[in-house]
Amino acid sequence: MGRPIRAEIDLDALRHNFGVAAGLAPHSQSMAVIKANAYGHGAVACASALAPLAPAFGIASIEEAVTLREAGIETPLLLLEGIFEPSELEWVDSLDLWQVVHSDWQIEALLAFTPRRALTVWLKLDSGMHRLGFSPQAFPERWQKLSRATDRVANLHLISHFASADQRDSALFDTQRAVIDTLSRALSAPICAANSPATLVKPASHGAWNRPGVMLYGVDPLQSPVTAVSLDALKPVMTLRSKLIAIQSVNGGETIGYGGRFRTPHATRIGVVAAGYGDGYDRHARDGTPVLVDGKRCRLAGRVSMDMLTVDLSEHPAARVGSDVTLWGHGLPVEEVAGHCDTIAYTLLTGVLPRVSRHYLQGSPGDTVAEREH
Ligand SMILES: Cc1ncc(COP(=O)(O)O)c(C=O)c1O
């Protein structure tokens, strides 16, 4: 019923991928990063699926924490950018949150606050990404300051972020790792630094904690032509599906869609799919971007509109109105689609808009349970 576009979320695949991340780092605790609505997959459903497995979740805001706590998620939640203003410490305290501390004003706010019980703090080291955190020179003094505040800070960790763990031979990565290791040794600080690419291929960077994100959703984050599916370790979690709602038979030499970008080389059947940039399908997708129609590879033809996109059905003469369309997911890696949009899989997944209903699948195909969350 209704517009046929939907995002199917395979929670078994999510759990499987978490198992891959945890298995690659048997001596680390794997914090599952579920910020940005679990990279577009639905934070509550993903947290519920992972709660029996994951020792903690990484999130981006108090708002995300409230949503999870209200849904009954009791797993520790780490605010990866910490608080955005001092008043948020009340929420940190009442929702029992963990927080990153990356700036002096956050330290001052913390030391001026009286929590119900001492808080868990992850002090951010800027090891070379130059986004958030204290420089290697400033870090030890801030560490000591928080270590002394035993009435306010119970557990202190060193957290840092890699800028280039996805590159095969990166001097920047090696430099960052050396900085992190040196400070960790000097301060006896437990490390949390490895994101997905580091979890996958840089075992020496695994710490007491790791922080995988995108790999949990089945995406290969490495800068290489192989995709997660071809690696055969990770399974795609989101499959974005829709249907053909019309077919046009167009003469050769005609143009299709806005701006007339695509011109038919000969008489061509053009399929119209109920999916557009108003759903989060990237308008930058080029002609030729793969789209599966009834499982057969077809090619995008013409600019993506708000609610529709058009495909060349030359490869699939049997396609008809109502044919199933896969925009990415099973059979069509999101990484591959992203490559045709000059972007990365992260942006496609997080960009699926709220009007696309999420359908949650788990169990064997015969007894698949589908819940809906918008
Ligand atoms: C601070 C932080 N930690 C961990 C992650 C997870 O990274 P990835 O999705 O590459 O595993 C991110 C991703 O944006 C992040 O910003």
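Residues numbered from 1 in each chain as written. Predicted model: local features only at pLDDT ≥ 70, side-chain atom pairs only at ≥ 80, totals over all residues. Heavy atoms only, no water.

Chemist: Would you explain unusual backbone geometry in this entry?
Modeler: A negative phi angle is the norm for most residues apart from glycine, just as the trans form is the norm for most peptide bonds. Although it is not a glycine, N37 sits at a positive phi angle of roughly 55 degrees. Summarising the element assignment, N37 is placed in helix α2 (residues 35-40). Backbone geometry places Y39, a non-glycine residue, at a positive phi of 50 degrees. On the secondary structure map, Y39 appears in helix α2. Judged by relative accessible area, Y39 falls into the buried class, the value being 8%. (Helix = DSSP H or I, 4+ residues; strand = E, 2+ residues; numbered from the N terminus. Buried < 20%, exposed > 50% of the residue type's maximum accessible area, 1.4 Å probe, protein only.)

Chemist: Help me out: how do you make sense of the site of the ligand in this one?
Modeler: Inspection of the region around the ligand gives 13 residues, with K35, Y39, S196, G213 and Y346 positioned closest. Note that an oxygen atom of the ligand is positioned 3.4 Å from one of the side-chain N or O atoms of R131. Take R211: an N or O atom from its side chain is 2.9 Å from a nitrogen atom of the ligand. Relative to its unbound accessible area of 390 Å², the ligand is 88% covered by the protein chains. Sorting the residues of the shell around the ligand by element identifies α2 and α9 (196-201) as the ones contributing at least two each. Of the residues belonging to the shell around the ligand, the class tally is 6 nonpolar, 4 polar and 3 charged. (Near = heavy atom within 4 Å. Polar contact = N/O pair within 3.5 Å; in protein donor to acceptor, adjacent residues only side chain to side chain. Areas by Shrake-Rupley, 256 points an atom, 1.4 Å probe, with all protein chains shown as cover. Nonpolar A, V, L, I, M, F, W, Y, C, P; charged D, E, K, R; others polar.)

Chemist: When you look at the sheet that holds strand β10 (residues 209-210) in this model, what are you seeing that I'm missing?
Modeler: Strands belonging to one sheet form pairs held by backbone hydrogen bonds; the direction of such a pair is parallel or antiparallel. Pairing in this open sheet of 9 strands is parallel, and the strands run β2-β10-β9-β8-β7-β6-β5-β4-β3 from one edge to the other. Each end of this open sheet is capped by a strand with a single partner; those strands are β2 (29-30) and β3 (32-33). Sheet topology note: the β2/β10 ladder contains 2 bridges and is parallel. Looking across to β10, one finds that S30 is bridged to N210. This element, helix α8 (residues 171-187), spans β8 (153-159) and β9 (191-194) of the sheet and lies at about 170 degrees to β9. (Pairing = 2+ DSSP bridges. Contact = heavy atoms within 4.5 Å. Axes fitted to C-alpha atoms, helices over the stretch in contact; angles between N-to-C directions.)

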